[in-house]
Amino acid sequence: MRHILSGIALVASLLIGAAAPAAAQNPFEPIVYVNDKAVTRYELQQRMRFMEVLGSPADTATAEQALIDDRLRMFAAGQLGIEVTDEGLQAGLEEFASRAGLSAAEFTAALERAGVEPQVYRDFVTAGIAWRGVIRARLLPQVDVSDAEVDQELKRQVETPIVTRVLLSELIIPAPEGQE
C-alpha cells in the first residue's frame, strides 16, 4: 500500500511539475495589475515589438512601464469622464502615422508585417489621446490669457527683427587716416 501511495505522489508531482513550465509560458498570464486591469505577457511582448519597430529601447522594464503608464492614463481619463470617440481615434491614428509619412492603413499594414497586432497601435494612440484630454481638463481652467495679451505678444514678435546672418560687406570698421 505504501508503494502505491508513493507511486501516486510521484506521478502527481511529475504532472504538476510538467504543467508549471507550461503555465509560466502562458502568453495571456497577467504579469501586473493596474487598478484591477491586467497587463498580460502577450501585451508586454507586443509592446516590446512595437517599440522596436518605432526605434525605441525595447527592454522588458521599459515596455512594462509604458503599459502601466497607459493603464494609469486611461484610468485618469475614466475618472474625468473623458472618452475617445471613433472619429478622434481615427484622427489620432492618422496623425501618428503621418509622422512616418504614411496613412493609418499603411502604417497598420507595416506593423502587421513586423509582427505587431493592430490593436497594440490602437491602444497606444487611444491612451495618448485620452491623456491629452486629461491634461486639457486639468490645466485649461488654470490658463487665463486675454486676447489683448495674445495681440501684444504677436505685435512684439512681428516688430522684433530677427537677424540670422550679417554679411561682411555690411560691417563698417572705421580706419584711421592712411591705414585704410
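Residues numbered from 1 in each chain as written. Predicted model: local features only at pLDDT ≥ 70, side-chain atom pairs only at ≥ 80, totals over all residues. Heavy atoms only, no water.

### Digging into helix α3 (residues 60–79)
Applicable threshold: Think of it this way: any DSSP run of H or I at least four residues long counts as a helix, any run of E at least two long counts as a strand, and we number them from the N terminus. Expected helix span is given by 1.5 Å per residue-to-residue step, counting one fewer step than there are residues. Think of it in three bands: residues with accessible area under 20% of the maximum for their type are buried, residues over 50% are exposed, and the middle band is partly exposed, with areas taken using a 1.4 Å probe on protein chains only. By definition, residues are in contact when any of their heavy atoms lie within 4.5 Å. Polar contact is the term for a pair of N or O atoms within 3.5 Å; when the atoms are in protein, one must be able to donate a hydrogen and the other to accept it, and sequence-neighboring residues count only if both atoms are side-chain atoms.
A rise of 1.5 Å per residue sets the reference length of α3, with its 20 residues, at 28 Å; its end C-alpha atoms lie 29 Å apart and thus fit the reference within 8%. Every buried residue of α3 is listed here: A63, A66, L67, I68, D70, R71, A76 and A77. Tucked into the core, α3 has its buried residues touching β1 (30–34), β2 (37–40), α2 (41–54) and α6 (118–139). The N-capping residue of α3, defined by a side-chain oxygen 3.3 Å from the backbone nitrogen of A61, is D59. G81 sits one or two positions beyond α3 and adopts a positive phi of about 75°.

### Considerations on helix α5 (residues 104–113)
Where we set the bar: Each C-beta atom gives one direction from the helix axis, and the arc is the one those directions make.
The set of residues buried in α5 consists of A104, F107, T108 and L111. The arc enclosing the buried residues of α5, seen along the axis, measures out at 100°, which places them on a common side. With respect to the buried face of α5, the exposed residues turned more than 90 degrees away are A105 and R113. As for α5, its buried residues are in contact with α2, α4 (86–98) and α6. Where α5 terminates, the next one or two residues include G115, which has phi positive at roughly 90°.

### Description of the pattern of salt bridges
To keep things clear, this is the line we draw: Each salt bridge in this description consists of a side-chain nitrogen of Lys or Arg and a carboxyl oxygen of Asp or Glu lying within 4 Å of one another.
Applying the stated rule across the entire model yields eight salt bridges. A salt bridge links R49 to E52; the nearest nitrogen and oxygen atoms lie 2.7 Å apart. Here the residue R49 and the residue E52 both occupy positions in helix α2, the gap between them amounting to three residues, near one helical turn. The exposure class of R49 is partly exposed, given its relative accessible area of 32%. The partly exposed category is assigned to E52, whose relative accessible area is 43%. D70 is the salt-bridge partner of R73, the closest N and O atoms lying 3.2 Å from each other. Within this pair, R73 and its partner D70 are both found in helix α3, separated by three residues, close to a single helical turn. A residue is classified by how much of its surface remains accessible, and D70, at 8% relative accessible area, is buried.

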